[in-house]
Amino acid sequence: MDDLKASGEGERVWTGGCLCGGVRYAIDTRPEPISFCHCSQCRRQHSHVGAYTGLPRSALRLLTDSTLTWYASSERARRGFCARCGAGLFWEAVEQAGAERRITVTAGSLDDASGLRVDRHIFVDHKGTYYDIGDDGVERRTSTGEVVE
């Protein structure tokens, strides 16, 4: 299938995967705007800030997952990555309230993220001391969800 081929409903199918191709996925809905996460776990996993886009779990289809591994990074969440090339791919809350489960996908693992934009920085109160968040006009939230200037 062509990565940008339209589905039968005329909407784009978003595709992506890891560096080595052991994990490939398709997303059947438009992903949400991208969030930059500054928490210590994202900085460790991605060697800097994490960039994620959220979507309903039901919209994510794994096309190839022979090297997909899940790591329980806390009691609250697990992270999906490729066991062969190490690419970080997913973040998912373990327990989710509400009718529809959600998952986040790393923006860098999308084949083509055109049309998506960053709309917020999160966990800014946990950012690394080695960098500053420039004045980019994007909303900033703390770990408690408080919007900060």
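Structure's up top.
The structure reproduced in this document is the subject of the present report. Quantities reported herein were computed from a predicted structural model and do not represent experimental measurements.

**Observations concerning the nonpolar core**
Formed by 19 residues in total, the largest nonpolar core has its most connected members in Tyr25, Ile27, Leu55, Leu60 and Phe90. Listed by contribution, the elements that provide at least two residues to this core are β2 (23-27), β8 (88-93) and β9 (102-106). For this core, the element with the most residues is β2, which contributes 3 residues. The residues touching Phe90, leaving out its near neighbours within four places in the chain, are Tyr25, Leu60, Leu62, Leu68, Trp70, Arg78, Arg79, Gly80, Ile103, Thr104 and Val105. Formed by 8 residues, the second largest nonpolar core is a distinct cluster that contains Tyr52, Ala77, Trp91 and Ala93.

**What to know about the sheet that holds strand β5 (residues 60-65)**
With respect to topology, 3 strands assemble into an open sheet ordered β1-β2-β5, the strand pairing being antiparallel. What marks the edges here is a single partner per strand, and that holds for β1 (14-17) and β5. In this sheet, neighbouring strand axes are inclined to one another by 20° on average, regardless of whether the strands run parallel or antiparallel. Two elements, β1 and β2, share 4 bridges in a ladder whose sense is antiparallel. The residue bridging Gly17 from the neighbouring strand is Arg24, located in β2.

**A word on the pairing of strand β3 (residues 34-37)**
Both β3 and strand β4 (residues 50-56) contribute to a ladder of 4 bridges, which runs antiparallel. In the strand pairing of β4, Ile34 is matched with Thr53.

Rules behind the numbers
- Residues numbered from 1 in each chain as written.
- Predicted model: local features only at pLDDT ≥ 70, side-chain atom pairs only at ≥ 80, totals over all residues.
- Heavy atoms only, no water.
- Core = buried A, V, L, I, M, F, W, Y, C linked by side-chain atoms within 4.5 Å.
- Buried < 20%, exposed > 50% of the residue type's maximum accessible area, 1.4 Å probe, protein only.
- Helix = DSSP H or I, 4+ residues; strand = E, 2+ residues; numbered from the N terminus.
- Contact = heavy atoms within 4.5 Å.
- Pairing = 2+ DSSP bridges.
- Axes fitted to C-alpha atoms, helices over the stretch in contact; angles between N-to-C directions.

These figures capture arrangement, not role.
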